[in-house]
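A closer look at the structure
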Amino acid sequence: MKISETIFNAGVNDYKTDLFEGQYIVPKGMAYNSYVIIDEKTAVFDTVDARFSDEWLGNVKNILGSRKPDYLVVLHMEPDHSANIANFLKEFPDAEIVGNAKTFVMISEYFGNDFADNRVVVNENDILTLGKHNIKFVFAPMVHWPEVMLGYEETEKILFSADAFGKFGALDAKEEWDGEARRYYIGIVGKYGMQVQNLFKKLAGVQIDKICPLHGPVLSENLAHYLDLYNKWSSYTPETEGIVIAYTSVYGNTKKAVELLKNLFEEKGAKNVVLYDLARSDRALCVAEAFRYSKTVLATTTYNGDVFPAMREFLEELTERNFQNRTVAIIENGSWAPVAAKAVLKRLEKCKNLTFAENTVTIRAALNAESEAKLAALAEELTK
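Let me begin by describing the structure that accompanies this report. What you see is a predicted model; the values in this text were computed from it and never measured.

A few words now on the overall build of the chain. When helices and strands are tallied, the chain shows 12 helices and 22 strands. Each principal axis of the C-alpha atoms in the chain carries an extent, and together these give about 80 × 40 × 35 Å. By the burial criterion, 55% of the 384 residues in the chain qualify as buried. Long-range pairs, those at least 24 residues apart, make up 71% of the contacts in the chain between residues at least 6 apart in sequence. Roughly 16,500 Å² of accessible area belongs to the chain as shown, and the carbon and sulfur atoms make up 48% of that amount.

To continue, consider the environment of V105. By the secondary structure assignment, V105 is in helix α4 (residues 101-111). Between the C-alpha atoms of V105 and E147, which are 42 residues apart in sequence, the distance is 9.2 Å.

Below, the discussion takes up the packing of aromatic side chains. A complete count under the given rule lists 18 aromatic pairs for this structure. Centroid distance Y236 to F291: 6.4 Å. Interplanar angle 50 degrees. Geometry classified as tilted. Taken as a pair, Y236 in the loop between α7 (223-234) and β16 (240-247) and F291 in helix α9 (residues 283-292) lie far apart in primary sequence, 55 residues in all. The exposure classification of Y236 matches that of F291, with both residues buried.

Here the focus is unusual backbone geometry. A cis amide bond links V143 to the next residue, H144, at an omega of 5 degrees. Here H144 shows up in the loop between β12 (134-139) and β13 (149-153). Backbone geometry places N304, a non-glycine residue, at a positive phi of 55 degrees. Checked against the element boundaries, N304 lands in the loop between β18 (293-303) and β19 (306-307).

In this section: the sheet that holds strand β6 (residues 35-37). The mixed open sheet is built from six strands, whose spatial order is β1-β6-β7-β8-β9-β10. Strand pairing shows two members of the sheet lacking a second neighbour, β1 (7-9) and β10 (119-121), which therefore form its edges. Pairwise comparison of adjacent strand axes, ignoring direction, gives a mean angle of 20 degrees for this sheet. Here β1 runs beside β6; their pairing, made up of three bridges, is antiparallel. Bridge pairing in β6 links I7 to I37. Its contacts with the sheet place α4 against β9 (96-99) and β10, and it is angled at close to 120 degrees to β9.

Calculation rules
- Along each chain, residues carry numbers from 1 onward, in the same order as the chain's sequence is written.
- A pLDDT threshold of at least 70 governs which residues receive local features in this predicted model, and a stricter bar of 80 or more applies before side-chain atom pairs are shown or counted, although totals over entire chains, interfaces and linings include all residues.
- To obtain the side-chain values, all non-hydrogen atoms of the structure were included, while hydrogens and water were left out.
- Helix and strand assignments come from DSSP, with helices taken as H or I runs of at least 4 residues and strands as E runs of at least 2, each series counted from the N terminus.
- Relative accessibility under 20% of the residue-type maximum defines a buried residue, over 50% an exposed one, and the middle range a partly exposed one, all with a 1.4 Å probe and only protein chains included.
- Residue contacts are counted whenever heavy atoms from the two residues lie within 4.5 Å of one another.
- Per-residue and other accessible areas were derived by the Shrake-Rupley procedure at a 1.4 Å probe size, with only the shown protein chains allowed to occlude residues.
- We call Phe, Tyr and Trp rings a pair once their centres come within 6.5 Å, taking the six-membered ring for Trp, and we label the pair stacked below 30 degrees between planes, edge-to-face above 60, and tilted otherwise.
- The criterion for strand pairing is that DSSP finds at least two bridges linking the strands in question.
- Between the N-to-C directions of two axes lies an angle of 0 to 180 degrees, each axis being a line fitted to C-alpha atoms and, for a helix, fitted only over the stretch in contact.

Structure follows, in structure tokens:
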């Protein structure tokens, strides 16, 4: 794929993977991007997943034609991008590998060889000159691995962003960017909001005309929209005013309660009210939606003196990703000893800047007049 007159994408689409990183559902596949710059010297940016070695090397050769690559720039060492470093050097033994000190530690760990004869170690703000194209390296540790760096091409104002600004889905996936980019970011990078904010500081004032991520499409239009979303996600700022109701239900009584609550919200004019059964929904989507909206209702059954397993796992994923700056309400259900609300609060103790609703609703087995009144009070409180 042509990015500009001298920059190309040699990457591949993956329609084989059912679970990316062994856990994220990818119904529309994945893209592993690898970029090639043609100049007085030629540079390839990152490789692809091991299963696509031949296809990727074929793409690189087709783009280069009769030329050989001078450099392989390694922005990120995660195996879906670095798996073919050794294969690349077998094919192009005179090429130099460009990376930082941490990159080469990982290369040695993965391949048992640090390729000392081919190694070019760069530091923050070093520039790789190809001719008309100059690549400035911007280090981005823990976005989302410690060795990550970005490459800023100064002539065409292109940011090679590693995993930043990536999304799930092959390049020909027909879907809006925001949803699958949000699910990707919150799931994979979400814990490292502070580090992403530090990267924003480094890029402040830099003119960016295109963003070339390692997953998903090249971004070249309406960049302010993508940058704004990334800033909100990484600062844990609610993206949308709305309410997520995440629930578990064993025999359907908690489900009836949250369906009633959703109706009460909507009757009071609430916009953007979404409902997820945690035992049946894509967990990564549920987590992303909790970070998207400003308010979250957690409704769960008491189970073995704790909360239902699907809710427990959901709470662990929220806290692991630094869930904060939201309003949270709790609904618990328990026939003889409801303790779910207490257990939820305990699990959220380390989260910052959470505002808890005054109305906590307790259901004793099934809805009755008293618990329905409490739901109405909660709806009133959250829609003020």
